[in-house]
Amino acid sequence: MSVQNVLNLIKEKNIEWVDFRFVGLAGKAQHISLPATEVDEETFVNGVAFDGSSIPGFRGIEQSDMVMMPDTETAYVDPFTAHPTLIIMSNIHTPEGDRYDRDPRSIAQKAEEYLQTTGVGTTAYFAPESEFFIFDDVRFENGMNKSYFEVDSEEAGWNTARKEEGGNLAYKVPVKGGYVPVAPMDSQQDIRSEMCNKLADAGLRIERHHHEVATAGQAEINFRFDTLTKTADNLLKYKYIVANTAREYGKVATFMPKPLFGDNGSGMHVHMSIFNEGNPLFYEKGAYANLSEMAINYIGGILYHAPALIAITNPSTNSFKRLVPGYEAPVNLVFSKGNRSAAVRIPIAAVTPKGCRIEFRTPDSTANPYLAFAAMLMAGLDGIKKKIDPRALGYGPFDTNIYEMSDSEKAEIRSVPGTLDEALDALAADSDFLLEGGVFTQDFIDNYIDLKRGEAKQVAIRIHPHEYNLYFDC
């Protein structure tokens, strides 16, 4: 969309405000709104100034001036504001006009540019399956003398005896019993459909929605794949619309990987493929799962670099509450066709040559999508460049249920890091593949590790309520 087309859209839709957005290191959208009457062609040339020192991990106060440069291709009308508002994503530049090396969106774009310089292919496609919970009530507090959280849902399995409904309506979702039931057990059909309608109006092509495995309102909405940066843009749009639609219904949505103890967590399975001028490169008929050697090497790069990669794709302490055996969590660093107990799965049902892809099941939605997708692409390209063969390294294929293997058999399988600190150690030791082509910089990686270690320390020094159960009477 050209600048003139955006200006025409502002007039056609009677837009009152233009909301310029960028993404911080944590993957959360930030915004500044300008009156539509103040937006003209010069706005898209000079950008919108903001204070970078107020964004964690961006700039010191002595270098705080930064500029948002709007990307007109991302414009869409906000479905929630009372005053008509147009949303536009931006890249971050320095006052001198240079692309800012710590801008996650610019890193995603540099990864796409790097792909084209390698000669491997022209386009990388990504499709995330971002799961979430819809709760009716969320409360939490952390203080010197108390620490707790409490969430509730009208369909939660723990509410079979609740009386507050004025006569319990039953049909609660059992623990691990929520995968695609019909109403009345699935009580959230309409809210998910409303989310989908709003997403479609905002430009996403919706493929399906359904209830997920966990109790208490776990859900999933799938939207169509796209190129790396566009998919990251779409995921931010997706999270924004899901969260605000839930709020309109008097509910609250969360993409937190493990908000409940004892049931499945929420992942972000990411499907990937590479094309060259419209031709799929991951397909080879008759090979294992119809995968080309290029695809096998791409998997090799993902699995070889996985411990470091997970510091970016699973960047929260809560991520590692999900990455434990027993809850369909993909903790095993192996690949397989159709096997959901493996970290990398190759979908094989109803797959065409253009639909042939790999699925990395370990990530979750605390990841910054621009960084996560860029890092996955860089790991896969390193596997192609170095012809990393996952079969020779013992990464599979494993076509049996790994969860049912004996302990001695499982001991032979590499697993994901056990904590965020372990993953950050792995990233510190294995980051050269990210530096290729200047996609990531050493400054960015060092800054990212420091920021995440600070988060991990905040959690580590706090008293956990379960410690009272374990140690109070010692």
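Residues numbered from 1 in each chain as written. Predicted model: local features only at pLDDT ≥ 70, side-chain atom pairs only at ≥ 80, totals over all residues. Heavy atoms only, no water.

The protein chain is annotated in an unreviewed UniProt entry as Glutamine synthetase of Paenibacillus plantarum. Within the UniProt record for the protein chain, the comment given under Sequence similarities (unreviewed entry) is "Belongs to the glutamine synthetase family." According to the UniProt record, the Subcellular location (unreviewed entry) comment for the protein chain reads "Cytoplasm". (UniProt positions renumbered as here; feature names shortened; annotations may be inferred.)

Chemist: Would you take a moment to explain the overall build of the protein chain for this structure?
Modeler: Broken down by element type, the protein chain carries 14 helices and 18 strands. A compact globule built from 474 residues should have a C-alpha radius of gyration of about 23 Å, and the protein chain, at 23 Å, falls within 12% of that. Seen through its C-alpha atoms, the protein chain measures out along the principal axes to roughly 65 × 60 × 50 Å. With an accessible surface of roughly 21,700 Å², the protein chain has 51% of that area assigned to carbon and sulfur atoms. Averaging the coordinates of the 45 positive side-chain charges in the protein chain and doing the same for the 66 negative ones gives two points 4 Å apart. (Helix = DSSP H or I, 4+ residues; strand = E, 2+ residues; numbered from the N terminus. Rg over C-alpha atoms; globule rule 2.2 N^0.38 Å. Areas by Shrake-Rupley, 256 points an atom, 1.4 Å probe, with all protein chains shown as cover. Lys, Arg positive; Asp, Glu negative; His and termini not counted. Charge placed at Lys NZ, Arg CZ, Asp CG, Glu CD.)

Chemist: Would you mind going over the packing of aromatic side chains with me for this structure?
Modeler: Given two aromatic rings, their pairing is described by the distance between the two centres and the angle made by the two planes. All told, the structure shown has 18 aromatic pairs when counted by the stated rule. Ring geometry for Phe126 and Phe373: centres 5.1 Å apart, planes at 25°, overall stacked. One end of the pair, Phe126, is in strand β7 (residues 123-135); the other, Phe373, is in helix α9 (residues 369-385), and 247 residues separate them in sequence. Assigned by exposure class, Phe126 and Phe373 land together as buried. (Phe/Tyr/Trp six-rings, centres within 6.5 Å; stacked < 30°, edge-to-face > 60°. Buried < 20%, exposed > 50% of the residue type's maximum accessible area, 1.4 Å probe, protein only.)

Chemist: I tried to follow unusual backbone geometry on my own but got confused; where do I start?
Modeler: Cis rather than trans, the peptide bond between Ala183 and Pro184 has omega equal to 10°. Inspection of the secondary structure assignment puts Pro184 in the loop between β9 (147-152) and α4 (189-201). Here the amide bond leading from Gly396 into Pro397 is cis, since omega sits at 10°, within 30 degrees of zero. Take Pro397: it is sitting in the loop between α9 and α10 (407-410). Residue Ala216 is not a glycine yet carries a positive backbone phi of 65°. A residue is classified by how much of its surface remains accessible, and Ala216, at 0% relative accessible area, is buried. The phi torsion at Lys387 lies on the positive side, around 50°, for a residue other than glycine.

Chemist: What am I meant to see in the packing of helix α7 (residues 306-313) against helix α11 (residues 420-429) here?
Modeler: Two measures define how a pair of helices packs: the angle their axes make with one another and the distance between the axes. Two numbers describe how α7 lies on α11: the axes approach to 7 Å, and their chain directions differ by 120°. With respect to the hand of their crossing, α7 and α11 are arranged in left-handed fashion. Contacts between α7 and α11 involve Pro307, Ala308, Ile310, Ala311 and Ile312 from the first element and Ala423, Leu424, Ala426 and Leu427 from the second. (Axes fitted to C-alpha atoms, helices over the stretch in contact; angles between N-to-C directions. Left-handed = near helix turned anticlockwise from the far one by under 90°. Contact = heavy atoms within 4.5 Å.)

Chemist: Which parts of the structure should I look at to understand a nonpolar patch on the surface?
Modeler: Residues Val138, Phe140, Phe149 and Val252 make up a contiguous nonpolar surface patch of about 400 Å² in total accessible area. You can see Val138 is positioned in strand β8 (residues 137-142). (Patch = residues over 30% accessible without salt bridge, like charges linked within 9 Å, V, L, I, M, F, W, Y side chains within 5 Å. Salt bridge = Lys/Arg side-chain N within 4 Å of Asp/Glu carboxyl O.)

Chemist: Please clarify how the pairing of strand β17 (residues 342-346) should be interpreted in this entry.
Modeler: Along a regular strand, successive side chains alternate from one face of the sheet to the other. The buried count for β17 comes to 5 of 5 residues, which makes it a mostly enclosed element. Pairing geometry for strand β16 (residues 332-337) and β17, over 4 bridges, is parallel. For Phe335, the partnering residue across the bridge sits in β17 and is Val344. Looking at chain direction, β17 and strand β18 (residues 358-360) are connected through 2 bridges and run antiparallel. Of the residues in β18, the one forming a bridge with Arg345 is Glu359. (Pairing = 2+ DSSP bridges.)

Chemist: Quick question: what am I supposed to make of the side chain of Asp233 here?
Modeler: Along the polypeptide, Asp233 turns up in helix α5 (residues 228-248). Asp233 gets classed as buried once you look at its relative accessible area, which sits at 9%. If we ignore the near neighbours within four places in the chain, the residues touching Asp233 are Thr74, Met89, Arg105 and Tyr370.

Chemist: Would you take a moment to explain helix α13 (residues 442-460) for this structure?
Modeler: Note that an α-helix has 3.6 residues per turn; residues three or four places apart therefore point the same way. With 19 residues, α13 ought to run about 27 Å at 1.5 Å a step, and its terminal C-alpha atoms sit 27 Å apart, in line with that. Residues of α13 that are buried include every one of Phe444, Ile445, Asn447, Tyr448, Ile449, Lys452 and Ala456, and no others. Packing partners of the buried residues in α13 comprise α3 (104-118), α7, α9, α11 and α12 (432-435). (Expected span 1.5 Å × (residues − 1).)

Chemist: Please clarify how the pattern of salt bridges should be interpreted in this entry.
Modeler: A side chain with one charge can pair with a side chain of the opposite charge if their charged atoms come near. Taken as a whole and assessed by the stated rule, the structure comprises 25 salt bridges. Between Lys386 and Asp382 there is a salt bridge; the shortest N-O distance is 3.4 Å. Take Lys386: its relative accessible area is 53%, and that puts it in the exposed class. Here Asp382 falls in the buried class, since its relative accessible area comes to 5%. One salt-bridge network, in which partners are shared between bridges, spans Asp19, Arg21 and Asp78.

Chemist: Is there a simple way to think about α4 in this case?
Modeler: Between its first and last C-alpha, α4 extends 18 Å over 13 residues, near the 18 Å set by a 1.5 Å rise per residue. Among the structural elements, β7, β10 (206-211), β11 (218-223) and α5 are those in contact with the buried residues of α4. Where α4 ends, the next residue or the one after it, Gly203, has phi of about 110°, a positive value.

Chemist: How should I be thinking about a negative patch on the surface in this particular structure?
Modeler: On the surface, Glu38, Asp40, Glu41 and Glu42 cluster together to form a negatively charged patch. Tracing the backbone through its elements, the reader meets Asp40 in the loop between β2 (29-35) and α2 (41-46).

Chemist: Would you mind showing me how to read the environment of Val23 here?
Modeler: Residue placement: Val23 occurs in strand β1 (residues 17-23). The class for Val23 is buried, based on a relative accessible area of 0%. Between the C-alpha atom of Val23 and that of Pro417, which follows or precedes it by 394 residues, the distance is 27 Å. In contact with Val23, not counting residues within four places along its chain, are Lys28, Phe58, Met89, Ile92, Asp103, Pro104, Arg105, Leu236, Asn368 and Tyr370.

Chemist: Sorry if this is basic, but what is going on with the environment of Gly394 here?
Modeler: Inspection of the secondary structure puts Gly394 in the loop between α9 and α10. Residues Gly394 and Ile413, spaced 19 residues apart in sequence, show a C-alpha to C-alpha distance of 7.8 Å.

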